[in-house]
Amino acid sequence: MAINRWRYPQEISWNDIQDRLAGRMNPENVVEERVRAILQDVADRGDDAVADYTRRFDCDSFEPAMLRVPEDEITHALDSTDPQFIRDMEIVRESAGRIRTFHQAQKERSWWTTSPDGTILGQIVNPVDRVGLYVPGGQGGETPLISSLLMNAVPAQVAGVGRIAVCSPPRKDGSLNPYILGAANILGITKVYRMGSAWAAAAFAYGTATIPSVDVIAGPGNIFLTTAKRLLIGQVGIDMIAGPSEISVVADGKAGKAAWVAADLLSQAEHDALASAVCITWNESFANELVSELDAQTEALPRSDIARQALEDWGAVVLVPDEATAVELVNKIAPEHLELMVEDPWSMLGKIRHAGAIFMGTHTPEPVGDYFAGSNHVLPTNGTARFSSALSVASFCKKSSVIAASPGYLDEHGAKVARFARLEGLEAHARSVESRFKK
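Everything in this summary refers to the structure shown in the same document.

So, how was this worked out
- Residues numbered from 1 in each chain as written.
- Predicted model: local features only at pLDDT ≥ 70, side-chain atom pairs only at ≥ 80, totals over all residues.
- Heavy atoms only, no water.
- Buried < 20%, exposed > 50% of the residue type's maximum accessible area, 1.4 Å probe, protein only.
- Helix = DSSP H or I, 4+ residues; strand = E, 2+ residues; numbered from the N terminus.
- Pairing = 2+ DSSP bridges.
- Core = buried A, V, L, I, M, F, W, Y, C linked by side-chain atoms within 4.5 Å.
- Contact = heavy atoms within 4.5 Å.
- Salt bridge = Lys/Arg side-chain N within 4 Å of Asp/Glu carboxyl O.
- Expected span 1.5 Å × (residues − 1).
- Bend = angle between axes of the 7 residues up to and from the residue.

What follows deals with the pairing of strand β12 (residues 337–341). Of all five residues making up β12, five are buried, and the element is well covered by its neighbours. Every second residue of β12 is oriented toward a common face, with H337, E339 and M341 on one face and L338 and L340 on the other, all of them buried. With five bridges connecting them, strand β9 (residues 246–251) and β12 associate as parallel partners. Residue pairing in the sheet places V249 in a bridge with E339 of β12. Pairing between β12 and strand β13 (residues 357–360): four bridges, direction parallel. Along β13, the bridge assignment pairs H337 with A357.

Written out as structure tokens, the structure is:
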């Protein structure tokens, strides 16, 4: 396996690194025309269009009547005698509780200020009314992304969203994976639909006879879903335009083993052939050991072909002269996941300005955040951590400004407001204010 090995900035510049990673950007553009046609078809034909696409791609016997999962299937989703399923659902329940605790701390509150003249200004925070959550099925529904359901549904619930709907593509027999239904049961979600890809986003955005329209669509999916979400911005809100997974690890070669760093890099490389996995270090012997570990561990993975391709195309071991240069490079990459595998990660933390999530020290591998710590794993990718944040309670809220001027406010300031309006050529604005002046 030929993972890239770079010396920064001696042999490769930041512009060179940007250029090499540019191929991971915006792959959804190649299917935009097809997705536009799907959106229009669902807008025109509703349930019938959604069922047609589902028959074509997921379940060849699918009918519109199968779109909604009956509530009793969700109610009884945990009525299993399979000991492993029961144990797994307890893990899901505990994870959901941790996620809820984390997101409770994010809740914003409405606020008010009063000026000496009695004018009141404030801000009201309200949840959106309706949310549609997408849960990828994975391998024909056999590897459902249960964690995606938890990470999207729990912050929406904490925000106070009253109506939450979930969808996931059905398996070949038309059913949904029992783990998805079990997780929905744990979360108290009763509106679950069998649909996937761009047609699911269209159904949530436009509404159909069976599927009510929503205000926000959230959840990861394939290139068709991602493109649909991008095209629907303005019709609905979305969580974010998420690209392929990525991880950067800063390693000093003293804290943690090369085997651990290799395993952490591969935890993202196995996601997708477009995933990026980068280790930044100023310890050359550690870099050499890491390359050997990556070779050995990749060969032992069930998804070795995907991981190998990702490492060869988008992975790198970057040798830098010192810690300061490592921090500089991290802030330029602005990675989705950042691990600080160094002796004193807390001293480095204050220097990190751009990262979706930061994993501190040798005992915090990235999957801890994916599944169980409680922080959200829906994170900005492709350098957008420079200006974007993780999915949160705020993703499902909106804020309204409140202005209550006192009786004397316009007497004191009205002429200024009117003058400002006339500077912009808006006479009616000025007269609106002046009509209230005391005679």
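Ordered in space as β6-β5-β4-β7-β8, the five strands form an open sheet in which the pairing is parallel. Every other strand in the sheet has two partners, leaving β6 (191–194) and β8 (237–238) as the edge strands with one partner each. Of the pairings in the sheet, the one linking strand β5 (residues 163–168) to β6 comprises four bridges and is parallel in character. Bridge pairing in β6 links S168 to R194.

Now for the nonpolar core. Soluble, globular proteins show a tendency: their nonpolar side chains are buried together. Of all hydrophobic cores here, the largest spans 40 residues; its most connected members are L133, L149, V161, L187, I189, V192 and F396. If you list the elements that add at least two residues to this core, you get α5 (83–104), β4 (130–134), α6 (146–159), β5, α7 (178–187) and β7 (216–218). In terms of residue count, the dominant contributor to this core is α6 (nine residues). With near-sequence residues (within four places) excluded, L133 lies in contact with N152, A153, I164, A165, V166, C167, F204, A218 and F396. Among the nonpolar cores identified, the runner-up in size contains 34 residues, and A51, Y193, A200 and A201 belong to it.

A few words now on the pattern of salt bridges. Inspection of every chain in the model, using the stated rule, returns 22 salt bridges. For E11, the salt bridge goes to R7, with nearest N and O atoms at 3.8 Å. Look at E11 and you get exposed, because its relative accessible area is 60%. Across the pair K229 and D239 runs a salt bridge, and its minimum N-O distance is 2.7 Å. Remark: D239 occurs in the loop between β8 and β9 and K229 occurs in helix α9 (residues 223–232); sequence separation between them is 10 residues. The burial state of K229 is the same as that of D239; both residues are buried. The network of salt bridges with shared partners includes D41, R45, D52, R55 and E63.

Quick look at helix α16 (residues 409–423) now. Between the first and last C-alpha of α16 there are 21 Å, a value that for 15 residues agrees with the 21 Å anticipated at 1.5 Å per step. Along α16, the largest kink reaches about 30° and is centred on A415. All of the buried residues in α16 are H413, G414, A418 and A421. Buried residues along α16 sit in contact with α17 (427–434). Residue G425 follows α16 closely and has a positive phi angle near 75°.

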